[in-house]
Amino acid sequence: MQHPAFEEVSFYQHHDDDTFNKKIKKTTILLSVITIIELGIGLLIYNIHKGEHPNDTLVLMFKGLVCILTLAKAFYIVSVFMHLGDEIRNFIMTIVVPLLLFIWFIIAFLWDGNSYKNLRNEFDKDFKVRTTPSSHHSTVVPGVKPGEAELKK
Amino acid sequence: MSTTVTTHQTKWWSGGKSPFNLEYGKVMMWYFLMSDAFTFGAFLISYGTIRFSQNFWPDPNVVFNAFPGAGHANLPLAFVSVMTFILIISSVTMVKAVHAGHKGDRQGVMKWLFWTIVGGVAFLSCQAWEWHHLITGEHAVLVNGKIEMWGQNMRHNPWGPIAEGVTFNGEHVRTPGPVAFGGYFYGITGFHGFHVFSGVIINIVMLLMTQKGVFERKGHYLMIEKAGLYWHFVDLVWVFVFLCFYLI
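Residues numbered from 1 in each chain as written. Chains lettered and ligands numbered in written order. Predicted model: local features only at pLDDT ≥ 70, side-chain atom pairs only at ≥ 80, totals over all residues. Heavy atoms only, no water.

I'm lost on the overall build of chain A in this one. Help?
Looking only at helices and strands, chain A has five helices and one strand in total. Ordered by position in the sequence, the α and β elements of chain A form the string α-α-α-α-α-β. With 153 residues in all, chain A has 33% of them scored as buried. Within chain A, counting contacts between residues at least 6 apart in sequence, those at least 24 apart form 56% of the total. Accessible area for chain A stands at about 9,900 Å²; split by element, carbon and sulfur atoms hold 66% of it. (Helix = DSSP H or I, 4+ residues; strand = E, 2+ residues; numbered from the N terminus. Buried < 20%, exposed > 50% of the residue type's maximum accessible area, 1.4 Å probe, protein only. Contact = heavy atoms within 4.5 Å. Areas by Shrake-Rupley, 256 points an atom, 1.4 Å probe, with all protein chains shown as cover.)

Structure follows, in structure tokens:
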């Protein structure tokens, strides 16, 4: 449909009702299924954490999987719901290429945080003692005998 | 604008024609959203930096385990999944509104915009309940050998490592957790909630304008499309907030 009051744009992505409804339905189901899988993995991580000997590598792998699933969700929202996938390729590039900055952004700053933690653990022993969760199920809190803590009002 | 187009200039980048064959307002909305993505990205990455600099960080499944009306039942992730689905569904109704706009279907635009607004308000209500529950919650925390009852706020974080051997009312007692948790959580979900709120306001304005026939007189519903882009962006940001605070 050519809008009479609007000649600036001559190109319209055109979907008839059937194609449109099918596409939206498919995307909605896809997003819901991915979300449910993510929630399942979240609960799985919770149960691994609760266990006697949490496997850190396994938890990390599941967290990575959730990140990938989230990126897939983001792709479908932007490309189908926001119709970016239907725009002219060069326009897509003006949006997507600047976002590549995030690759450096994330790596650099998480690396920085991690390095700060290592430095503090090395040079600030008090920080290390205070914040490190004692290896599972074997801590004695200084100054408190088990079961004797009382409510301070 | 229309006069320049009718002269059929072929110098696309000299103002003769829209470079991407897109309306100016829509291109600028996209660039605004891109800049907003960097704002949210910077917040979330800063949260990640602090989290990586700590030896301990609370497990979200332990923090977010409440559900309205369920008392003290341990239901990790349940409520936030409701919030996530509300936002996904309201995104779908917005797509429908934009599609109705393409067809010039005024009643359709109004119907779907209305449901989108309902979704937005529902999401904000859920967030209000969640914040209230976190702030007013009472959790036994071991501080200097004494037990104190703490809620989650900007200065206190009751979800530190478990104090072994100490129980209160038959429950684990924790030590204070990293203080930054509250600031980041309320800061980022609050900033996102503010976006949802402004999105709801924009949608209400769009609904009133549609009802008054403004777009019908203009001959196109491109304004609904721009409001839709903003609303989908709010959903997009939530996907990442959900990932960073609730899942990992």
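Before we go on, may I ask you to explain the pairing of strand β1 (residues 139-143) of chain B in this structure?
Side-chain direction in a regular strand flips from residue to residue, so the side chains alternate between the two faces of the sheet. All names here are of chain B. Most of β1 is tucked away: four of the five residues are buried. Sheet topology places β1 next to strand β2 (residues 146-150); five bridges connect them, and they run antiparallel. Across the sheet, Ala140 pairs through a bridge with Met149, a residue of β2. What sits between the antiparallel neighbours β1 and β2 is a turn of two residues, in which Asn144 has the positive phi angle 50°. (Pairing = 2+ DSSP bridges.)

Could you clarify how one ought to interpret the interface of chain A and chain B in this entry?
How big an interface is tends to be stated in terms of the accessible area lost upon association of its parts. In this assembly, 76 residues from chain A lie in contact with 74 residues from chain B. In this assembly, chain A packs against chain B so that about 7,000 Å² is buried in total across both faces, 72% of it on carbon and sulfur atoms. Inspection of the region where chain A meets chain B yields two salt bridges. A salt bridge links Lys26 of chain B to Glu87 of chain A, with the shortest nitrogen-to-oxygen separation between them at 3.1 Å. Along the contact surface separating chain A from chain B lie 11 residue pairs in polar contact (both at pLDDT 80 or more). Elements supplying a minimum of two residues to the side of chain A that touches chain B: α1 (17-50), α2 (56-81), α3 (89-99), α4 (101-123), α5 (125-131) and β1 (150-151) of chain A. Residue contributions to the side of chain A that touches chain B peak at 16 residues, all from α1 of chain A. Here the side of chain A that touches chain B is composed, by residue class, of 41 nonpolar, 22 polar and 13 charged. (Buried area = accessible area lost by both parts, 1.4 Å probe. Salt bridge = Lys/Arg side-chain N within 4 Å of Asp/Glu carboxyl O. Polar contact = N/O pair within 3.5 Å; in protein donor to acceptor, adjacent residues only side chain to side chain. Nonpolar A, V, L, I, M, F, W, Y, C, P; charged D, E, K, R; others polar.)

Honestly, a nonpolar patch on the surface in this entry has me stumped. Any pointers?
All names here are of chain A. Together, Met93, Val97, Leu100, Ile103, Ile107 and Trp111 give the surface a local cluster of nonpolar side chains, amounting to about 620 Å² of exposed area. Residue assignment for the nonpolar patch shows that the elements contributing at least two residues are α3 and α4. Here the element with the most residues in the nonpolar patch is α4; it accounts for three residues. Note that Trp111 resides in helix α4. (Patch = residues over 30% accessible without salt bridge, like charges linked within 9 Å, V, L, I, M, F, W, Y side chains within 5 Å.)

For this particular structure, what's the right way to read helix α5 (residues 106-136) of chain B?
Each full turn of the α-helix corresponds to 3.6 residues, which orients residues three or four apart in the same direction. The first and last C-alpha atoms of α5 of chain B sit 45 Å apart over 31 residues, in line with the 45 Å expected at 1.5 Å per residue. For α5 of chain B, the N-terminal cap is Asp105 of chain B; the gap from its side-chain oxygen to the backbone nitrogen of Gln107 of chain B is 3.4 Å. (Expected span 1.5 Å × (residues − 1).)

Can you walk me through the side chain of Glu225 of chain B in this structure?
All names here are of chain B. Turning to its location among the elements, Glu225 is positioned in helix α8 (residues 222-247). Judged by its relative accessible area of 8%, Glu225 is buried. In terms of polar contacts, Glu225 uses its side chain to reach the side chain of His102, at 2.8 Å. Leave out the neighbours within four places in its chain, and Glu225 touches Lys26, Val98 and His102.

What should I look at first to understand unusual backbone geometry in this one?
Residues and elements named next belong to chain B. With a phi angle near 70°, Leu77 is a residue other than glycine that sits in the positive phi range. Here Leu77 is to be found in the loop between α3 (60-63) and α4 (78-102). Residue Leu77 is classed as buried on the basis of its relative accessible area of 4%. At Asn144, a residue that is not glycine, the phi angle is positive and equals roughly 50°.

How do you make sense of the nonpolar core when you look at a structure like this?
Across soluble globular proteins, nonpolar side chains show a tendency to be buried alongside one another. Within the largest apolar cluster, 85 residues are counted, with the highest numbers of intra-cluster contacts made by Ile224, Trp238, Phe245 and Tyr246 of chain B. Elements that contribute at least two residues to this core include exactly α1, α2 and α3 of chain A together with α2 (24-52), α4, α5, α6 (180-211) and α8 of chain B. For this core, the element with the most residues is α8 of chain B, which contributes 18 residues. (Core = buried A, V, L, I, M, F, W, Y, C linked by side-chain atoms within 4.5 Å.)

Can you walk me through the pattern of salt bridges in this structure?
One side chain can pair with another of opposite charge once the charged atoms of both are near each other. Considering all chains together, one arrives at eight salt bridges over all chains under this definition. One salt bridge in this structure joins Arg130 of chain A and Asp126 of chain A, with 3.4 Å as the shortest N-O distance. In this pair, Arg130 of chain A and Asp126 of chain A both sit in helix α5, four residues apart, roughly one turn of the helix. In this structure, Glu216 of chain B engages Arg106 of chain B in a salt bridge whose closest nitrogen and oxygen atoms are separated by 2.9 Å. Within this pair, whereas Glu216 of chain B is found in helix α7 (residues 214-218), its partner Arg106 of chain B is found in helix α5, the two being separated by 110 residues in sequence. Because the salt bridges share partners, they merge into one network encompassing Glu87 of chain A together with Lys26 and Glu225 of chain B.

Even after reading the chapter, I still don't get the side chain of Lys226 of chain B, so can you show me in this structure?
Residues and elements named next belong to chain B. With respect to the element layout, Lys226 can be found in helix α8. Side chain to side chain, Lys226 and Glu23 meet in a polar contact 2.6 Å long. Aside from chain neighbours lying at most four places away, what touches Lys226 is Glu23, Gly25, Lys26 and Met29.

What is the right way to look at the packing of α2 of chain B against α8 of chain B in this model?
To characterise two packed helices, one gives the angle between the axes of the helices and the distance between these axes. All names here are of chain B. Where α2 contacts α8, the two axes come as close as 10 Å, and the packing angle between them is 15°. As summarised for this structure, α2 and α8 are arranged roughly parallel, according to the angle between their axes. Note on packing geometry: the crossing formed by α2 with α8 is right-handed. Of α8, the residues touching α2 (which contributes Gly25, Lys26, Met29, Trp30, Phe32, Leu33, Asp36, Ala37, Phe40, Leu44, Tyr47 and Arg51) are Glu225, Lys226, Leu229, Tyr230, Phe233, Val237, Phe240, Cys244 and Phe245. When the residues that make up the contact of α2 with α8 are grouped by side-chain class, the tally is 15 nonpolar, one polar and five charged. (Axes fitted to C-alpha atoms, helices over the stretch in contact; angles between N-to-C directions. Parallel < 35°, antiparallel > 145°, perpendicular 65-115°, else oblique. Left-handed = near helix turned anticlockwise from the far one by under 90°.)

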